[in-house]
Amino acid sequence: MTDRFFEDFKVGDRFVSGGMTITEAAIIDFARQWDPQPFHTDPAFAATWTFGGLIASGLHTMAATLRLWLDLGIFRACSLGSPGIGEVQFPRPVRPGDTLRVVSDIVQLRPSASRPDRGIAKLRQVTMNQLGEQVMEQETTVFLKRRTAA
């Protein structure tokens, strides 16, 4: 893949990641460090709780989504970071053995009004499991380096 800059993208561009399988051990390890609730860390407890089994933390799903997106290398040459993430939804849980993939669509592009060396991209990212079921949706804003300042 060639290095891309702000000018090389257009609204409607779609990028699909490879897959990542989330193991029970990964769910427990992540949760013990970052979200130590028993339905993320204790399979026996989780079996008796609302979701009927162990589920990944939403933060774990967000981290996996970011990793899958970054592995594509789409913004490798031009990312200047993110000022934030918009609304995030988790319509269904991620369970041990689920294989996640991310579909990212560019929904908005605009040059920065205050910084001519960059543009701003807004992405809609949908994370799905191996059945094609949506497990997360988020809006992400990213600053992108321009090839040449306007």
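Everything numeric in this text was worked out from a predicted model, so none of it was measured. (Residues numbered from 1 in each chain as written. Predicted model: local features only at pLDDT ≥ 70, side-chain atom pairs only at ≥ 80, totals over all residues. Heavy atoms only, no water.)

S.K.: Lay out helix α4 (residues 58-72) in plain terms, naming residues and giving numbers.
M.R.: Taking 1.5 Å per residue as the helical rise, α4 with its 15 residues ought to reach 21 Å, and the 22 Å between its terminal C-alpha atoms agrees with that figure. Along α4, the residues classified as buried are His60, Thr61, Ala64, Thr65, Leu68 and Trp69. Elements that come into contact with the buried residues of α4 comprise β1 (14-16), β2 (20-21), α1 (24-34), β4 (99-111), β5 (118-128) and β6 (134-145). A distance of 3.1 Å separates the backbone nitrogen of Leu59 from a side-chain oxygen at the start of α4, and that oxygen is part of Ser57. Where α4 ends, the next residue or the one after it, Gly73, has phi of about 75 degrees, a positive value. (Helix = DSSP H or I, 4+ residues; strand = E, 2+ residues; numbered from the N terminus. Expected span 1.5 Å × (residues − 1). Buried < 20%, exposed > 50% of the residue type's maximum accessible area, 1.4 Å probe, protein only. Contact = heavy atoms within 4.5 Å. Polar contact = N/O pair within 3.5 Å; in protein donor to acceptor, adjacent residues only side chain to side chain.)

S.K.: Explain the side chain of Ser112 residue by residue, including any values.
M.R.: Note on placement: Ser112 falls in the loop between β4 and β5. On the basis of relative accessibility, which here comes to 14%, the residue Ser112 falls in the buried class. A distance of 3.3 Å separates the side chain of Ser112 from the backbone nitrogen of Ser114, its partner in a polar contact. Ignoring anything within four residues of it in the chain, the contact list for Ser112 reads Arg118, Gly119 and Ile120.

S.K.: So, the layout of surface pockets: which residues are in play, and what are the values?
M.R.: Within this model, the largest pocket holds a volume of roughly 270 Å³. Leu66, Trp69, Ser82, Gln125 and Thr140 are, among the 16 residues lining the largest pocket, the residues nearest its centre. Of all the secondary-structure elements, those providing two or more residues to the lining of the largest pocket are α4, β5 and β6. The element that contributes the greatest number of residues to the lining of the largest pocket is α4, accounting for 6 residues. Its residues assigned to classes, the lining of the largest pocket comprises 9 nonpolar, 7 polar and no charged. (1 Å grid on protein atoms, 1.4 Å probe; cavity = no way out; pocket = protein on both sides within 12 Å on 5 of 7 lines; lining within 4 Å. Points joined across faces, edges and corners; volume = space filled by probe spheres on them. Nonpolar A, V, L, I, M, F, W, Y, C, P; charged D, E, K, R; others polar.)

S.K.: Let's hear about the nonpolar core: which residues, and what values?
M.R.: Counting 14 residues, the largest nonpolar core has Ile22, Ile27, Leu54, Val94 and Leu100 as the members making the most contacts within it. For this core, the secondary-structure elements that each account for two or more residues are α1, α4 and β4. Counting residues in hydrophobic clusters, the runner-up holds 13 residues, among them Phe6, Leu123, Val142 and Leu144. (Core = buried A, V, L, I, M, F, W, Y, C linked by side-chain atoms within 4.5 Å.)

S.K.: Can you break down the pattern of salt bridges residue by residue, with the values?
M.R.: Applying the stated rule across the entire model yields 10 salt bridges. Here Asp117 ties to Arg115 by a salt bridge, and the two come within 4.0 Å at their closest N and O atoms. The exposure class of Arg115 is partly exposed, given its relative accessible area of 40%. Notably, a salt bridge pairs Asp117 with Arg118, separated by 3.1 Å at the nearest N-O pair. Residue Arg118 is classed as buried on the basis of its relative accessible area of 14%. (Salt bridge = Lys/Arg side-chain N within 4 Å of Asp/Glu carboxyl O.)

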